Amino acid sequence: MNPEPSEPAETPEAAGPDAAPAERGTPVGRRVFLGTLALGALGVVAAPPLQRGMEAFLGSAADKDPTGLTGLLPNGGGFRYYSVTSSVPHKNATNYRLTVDGLVDRPATYTLADLRALPQTRMVKDVQCVTGWRVPGTPFEGVRLSALLDAAGVHAEAGAIRFTCFDGAYTESLTLAQARRADVLVALRMQDKDLGHDHGGPVRLYVAPMYFYKSAKWLSGITVTEKVKPGYWEERGYDVDAWVGRSNGRDDEPTS
Ligand SMILES: Nc1nc2c(c(=O)[nH]1)N[C@H]1C(S)=C(S)[C@@H](COP(=O)(O)O)O[C@H]1N2
Ligand SMILES: [Mo]
């Protein structure tokens, strides 16, 4: 699998690991045209689950925006919306829960209020997607993952973390050493605002030194395991160790 589609028209993004059944916020310009071509090619090249997701997205987008131009407007932030599912339940302070379990002494379930009550860390670093787009100087704020791991009491034989999401499909992984880095957050805020639904709110992972696919949105589970189990895109060809500029055949400037 080519980890770096050079142009969507030649290598539709839907065929690559960043295939986005619902991608919005594409900056106006050449990519808009190419992106539109890529959408046109989808029916031919997409795997059936992605195709279903795209059809669902196009259907719902058309309901709200008969001009079809919503997806072509700049979103002001340079981010693109990605989800591997066609819809994701909305969670808020009332019904959001994050579980920490697996090889730990003290499994725990956190509400949003619980997470907000813990010490918060703010970092400003670049975001880099493996398909090429980059958003410089993005503030993220939340609880260090290492703090949640320390609170849980990780067993000596543990070596990795598995992340699960309330979209019901996406997964990610880190080694325990990566997970303990000070620049890995369970993020509650992004761009100095509470994380909105589209960016994975109310809680997403933020792995600053790695390509953005590691930063699982709609985070609902942190399971301590013995070994790394590759995540959603990693099972589909992306590098498990996703250091920016040192993986996936790319040479981007490091983000931190
Ligand atoms: N649950 C979930 N998390 C996810 C993804 C996804 O599809 N589902 N996509 C990943 C990829 S490839 C990127 S580039 C970023 C996109 O984040 P954004 O939608 O906030 O721009 O989320 C990452 N986390
Ligand atoms: Mo991505």
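Worth saying up front: this structure is predicted, and the values here are computed from it rather than measured. (Residues numbered from 1 in each chain as written. Chains lettered and ligands numbered in written order. Predicted model: local features only at pLDDT ≥ 70, side-chain atom pairs only at ≥ 80, totals over all residues. Heavy atoms only, no water.)

> Break down the overall build of the protein chain for me, citing the residues and quoting the values.
Each helix and strand counted, the protein chain has five helices and 10 strands in total. Burial status across the protein chain gives 48% buried among its 256 residues. In the form shown here, the protein chain has an accessible surface area of approximately 11500 Å², with 54% of it arising from carbon and sulfur atoms. (Helix = DSSP H or I, 4+ residues; strand = E, 2+ residues; numbered from the N terminus. Buried < 20%, exposed > 50% of the residue type's maximum accessible area, 1.4 Å probe, protein only. Areas by Shrake-Rupley, 256 points an atom, 1.4 Å probe, with all protein chains shown as cover.)

> So what's going on with the side chain of Arg162? Which residues, and what values?
Structurally, Arg162 is set in strand 5 (residues 160-165). Look past the residues within four positions of Arg162 in its chain and what remains in contact with it is Thr171, Glu172, Gly221, Ile222, Thr223, Thr225, Lys229, Pro230 and Gly231. (Contact = heavy atoms within 4.5 Å.)

> Now, about the pattern of salt bridges: what can you tell me, with residues and values included?
The tally for this structure, following the rule as stated, stands at 11 salt bridges. Close ionic contact of Asp194 with Arg116 constitutes a salt bridge, the shortest N to O distance being 3.7 Å. Residue Asp194 is located in strand 8 (residues 193-194), and its partner Arg116 is located in helix 3 (residues 112-117); the two are separated by 78 residues in the primary sequence. Counted as one network, the salt bridges with shared partners bring together Arg116, Glu141, Arg189 and Asp194. (Salt bridge = Lys/Arg side-chain N within 4 Å of Asp/Glu carboxyl O.)

> Quick rundown of the confidence of the model for the protein chain? Include the residues and the values.
Per-residue confidence for the protein chain averages 79 on the pLDDT scale, and 70% of its residues sit at or above 70. Here residues 19-74 scores under 50 on pLDDT; set against residues more than four positions off or in separate chains, the count is 66 contacts. (pLDDT = per-residue confidence, 0-100.)

> Can you explain the nonpolar core? Please cite residues and give values.
Ranked by internal contacts, the top residues of the largest apolar core, which has 45 residues, are Leu98, Leu145, Leu219 and Ile222. When contributions to this core are tallied by element, the ones reaching two or more residues are strand 1 (98-102), helix 3, helix 4 (145-152), strand 5, helix 5 (176-179), strand 7 (184-190), strand 9 (204-207) and strand 10 (219-225). It is helix 4 that contributes the most residues to this core, four residues altogether. Apart from the residues within four sequence positions on either side, Leu219 is in contact with Tyr96, Leu98, Phe163, Thr164, Cys165, Phe166, Val186, Gly200, Val203, Arg204 and Leu205. Grouped together as the second largest cluster of nonpolar side chains are 15 residues, Trp133, Phe140, Ala187 and Leu195 included. (Core = buried A, V, L, I, M, F, W, Y, C linked by side-chain atoms within 4.5 Å.)

> Before we move on, can you summarise the packing of aromatic side chains with the specific residues and values?
If you walk through the whole model with that rule in mind, you get 11 aromatic pairs. A ring pair is formed by Phe79 and Trp133, whose centres lie 5.9 Å apart and whose planes are at 75°; its orientation type is edge-to-face. Of this pair, Phe79 sits in the loop between helix 2 (48-64) and strand 1 while Trp133 sits in the loop between strand 3 (121-128) and strand 4 (134-144); the two residues are 54 residues apart in sequence, bridging distant segments of the chain. For the pair formed by Phe79 and Trp133, the shared burial category is buried. Ring centres of Tyr82 and Trp133 lie 6.1 Å apart, and the angle between their planes is 15°; this geometry places the pair in the stacked category. With a gap of 51 residues between them, Tyr82 in the loop between helix 2 and strand 1 and Trp133 in the loop between strand 3 and strand 4 connect regions that are remote in the sequence. Every member of this aromatic cluster is reached through a ring pair, and the members are Phe79, Tyr82, Trp133, Phe140, Tyr206 and Phe212. Taking NZ or CZ as reference, Arg236 lies 3.7 Å from the ring centre of Tyr232, over its face. (Phe/Tyr/Trp six-rings, centres within 6.5 Å; stacked < 30°, edge-to-face > 60°. Lys NZ or Arg CZ within 6 Å of the ring centre and 35° of its normal.)

> For the sheet that holds strand 6 (residues 171-175), give the residues involved together with the corresponding values.
In space, the five strands of this open sheet follow the order 2-1-10-5-6, with mixed pairing throughout. Sheet topology places strand 2 (108-110) and strand 6 at the edges, where each strand pairs with a single neighbour. Across the sheet, the axes of successive neighbouring strands diverge by a mean angle of 15°, strand direction being ignored. Of the strand pairs in this sheet, strand 5 and strand 10 are connected by six bridges, and their pairing is antiparallel. Following the sheet pairing, Ile161 is matched in strand 10 by Val224. Against the sheet, helix 4 engages strand 1, strand 2, strand 5, strand 6 and strand 10, with an angle of about 55° to strand 10. (Pairing = 2+ DSSP bridges. Axes fitted to C-alpha atoms, helices over the stretch in contact; angles between N-to-C directions.)

> Outline helix 4, listing residues and values.
Listing the buried residues of helix 4 in full gives Leu145, Ser146, Leu148, Leu149 and Ala152. The arc that holds the buried residues of helix 4, viewed along the axis, is 160°, so those residues lie on one side. (Arc of directions from axis to C-beta.)

> So what's going on with the environment of Trp233? Residues and values would help.
Relative to the helices and strands, Trp233 is located in the segment after strand 10. Sequence separation of Trp233 and Tyr213 is 20 residues, and the distance between their C-alpha atoms is 7.7 Å.

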